[in-house]
Amino acid sequence: MAKSKSRTKAPQNADEDDVVMQELPTSHQPDVQDDASMAEANGEDDADIEDEEEVEDDTQRVRLLPGSTPTAASFEFLDEGHTLGNALRYIIMKNPDVEFCAYAIPHPSEPKMNVRIQTYEGTTAIDALQKGLKDLQDVCDVVSDKFVAAQKGFKKKSIPP
Amino acid sequence: MDYDPMAMDEIESKGPVIKISQADTVRVKFELSNADISFANSLRRVMLAEIPTIAIDLVEIEDNSSVLADEFIAHRLGLIPLNAEGIDELQYSRDCDCEEYCDHCSVKLTLHARCTGDENMQVVARDLVPSGDRINRVLGTPIINESSDGLGPLIMKLRPGQEIKLSCIAKKGIAKEHAKWAAPSAIGFEYDPHNKLHHLDMWYETDAKLEWPPSEYADWEEPPQEGEKFDFNAVPDRFYFNVETAGNIPPDAIVTQGIKVIQEKLASMIKDLGETEGGENGDYNGPRSPEYNGGGGDGWQDQGFTTPYGNGGNQSSWGGGAGGTTPYGTTPYGGAGQDNGGW
């Protein structure tokens, strides 16, 4: 696992390395595309673009926001809200390797939820997010099992022998 | 990382506890303790808004000579609770292969009533007749409570000679889209019955204690002692749920289904993350190793293990040894602080 930041190695790049804070909120920034797809969009016919978009709404619901580093990342979740956000924030914050975690819903009329994770060296924000999701699943498993057990116990109690 | 994610607070690490205090066909009351409020609230929200059920979504009115407008009747029909047993096998109409709707994604109900007597006549939910091939014998059947003498909710009244004839398509959906798909009719959610945490500011005329009735859970928790100081480190940790159903899903099934929905959400997120992580670095659609220095070839990976922190040789200067692989290893945040419960 990468335990370092390039900042420490190459001080001459310090300015470039700093996370650029975009002035506009992410929802108003143009979609950032990688070089390959840019070329495609500029040079090729429209069919390719359409295909790409279709694939996009099919699956991608989590995305890494621009300006993220390995240990400090912002994620954008589509079609999620406080239901997942707050519980996830809590469980990620319980991870001792995580320095900071918060969530926000940037605008109530957009179905988006952002999670910011900053970790200490030695782990990455993506790992912390994955661990958080798994931990929350484990909690759900336990609560589900406990509820079923309580249900059985209650039925036994209420039906006298 | 051997902290215990179950230990939602410092008391014990045995994880959340559930106690059921009442359970019948209409409601289940239970206490969730040793859990965090964020999780309890997630459960409440998901039960309220995201459990799939079935409700009338399309209405085709063939004949309506009643005093009520077509759209008014259609709206009422949508709100009639339908049995959602076996809803898991029903598909969402939008995901179904069919053109508009079919037996795999909908249930058809028909209503035909004419007042032939000389008294006004009631049209009730029992008059809605399901038809077609259904997944099971009950899915989509209107809920009839004992209290209504086997008639079910009143839809409308007809004067002598008036007639109503219509067919409905019931579809699967969730309450986030429209409240008619709500699985519970109501959820009670409370904590801290003595308001020790001061999350509430009780309105009163002369004395809040006398004017506000005590919660039914007031006996379950210690009342505040005379002259007790406010504990500003206290967090809520016992939550009292009262999940009440209109009959479409049994109350205990709402709870288990709710947890299932949370887990499905999480599973889809984990899948989403896993799928894209292995992908190419340039894929901006998803999580990936970021090129945060603006590209140019010398990404962070290339410079990886050459920093003063990363190398094994430097571990000793930071304490090294177990768990000391980061510069923070010996701080209260790292390995040494795993059990201090401050989080």
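None of the values given here were measured: they were computed from a predicted structure.

Cut-offs applied
- Residues numbered from 1 in each chain as written.
- Chains lettered and ligands numbered in written order.
- Predicted model: local features only at pLDDT ≥ 70, side-chain atom pairs only at ≥ 80, totals over all residues.
- Heavy atoms only, no water.
- Pairing = 2+ DSSP bridges.
- Helix = DSSP H or I, 4+ residues; strand = E, 2+ residues; numbered from the N terminus.
- Axes fitted to C-alpha atoms, helices over the stretch in contact; angles between N-to-C directions.
- Contact = heavy atoms within 4.5 Å.
- Phe/Tyr/Trp six-rings, centres within 6.5 Å; stacked < 30°, edge-to-face > 60°.
- Buried < 20%, exposed > 50% of the residue type's maximum accessible area, 1.4 Å probe, protein only.
- Lys NZ or Arg CZ within 6 Å of the ring centre and 35° of its normal.

Trainee: So what exactly am I meant to see when it comes to the sheet that holds strand E6 (residues 129-131) of chain B here?
Mentor: Pairing between sheet strands relies on hydrogen bonds along the backbone, with the strands arranged either parallel or antiparallel. All names here are of chain B. If you walk across this open sheet you meet the 4 strands as E3-E8-E4-E6, and the pairing is antiparallel. A single partner strand is all that each edge strand has here, and the edge strands are strand E3 (53-64) and E6. Sheet twist, expressed as the mean angle between neighbouring strand axes with direction ignored, is 25°. As paired strands, strand E4 (residues 106-114) and strand E8 (residues 163-173) are joined by 9 bridges and run antiparallel to one another. Counterpart to leucine 109 in the pairing with E8 is cysteine 168. Strands in contact with helix H2 (residues 70-78) are E3 and E8; relative to E3, the strand with the most contacts, it is inclined by about 155°.

Trainee: Looking at this model, I keep getting lost on the environment of lysine 14 of chain B. Mind explaining?
Mentor: Within the element layout of this structure, lysine 14 of chain B appears in the segment before strand E1 (17-23). On a C-alpha basis, the gap between lysine 14 of chain B and asparagine 34 of chain B in space is 8.6 Å, while along the polypeptide they are 20 residues apart. Not counting chain neighbours up to four residues away, the residues in contact with lysine 14 of chain B comprise Lys146 of chain A together with Asn34 of chain B.

Trainee: Any chance you could explain the packing of aromatic side chains here in plain terms?
Mentor: As enumerated under the stated definition, the model contains 9 aromatic pairs over all chains in all. Ring centres of phenylalanine 189 of chain B and tyrosine 191 of chain B lie 6.4 Å apart, and the angle between their planes is 70°; on these two criteria the pair is classed as edge-to-face. Taken together, a centroid distance of 4.2 Å and an interplanar angle of 10° make the contact between tyrosine 217 of chain B and tyrosine 240 of chain B stacked. With tyrosine 217 of chain B in the loop between helix H3 (208-211) and strand E10 (238-245) and tyrosine 240 of chain B in strand E10, this pair connects stretches of sequence that are 23 residues apart. Among the residues examined, tyrosine 240 of chain B registers a relative accessible area of 1% and is labelled buried. One aromatic cluster is present, formed by Phe147 of chain A together with Phe30, Phe189, Tyr191, Phe239 and Phe241 of chain B through successive ring pairs. Here arginine 94 of chain B stacks its cationic end above the ring of tyrosine 92 of chain B, 4.6 Å away from the centre of that ring.

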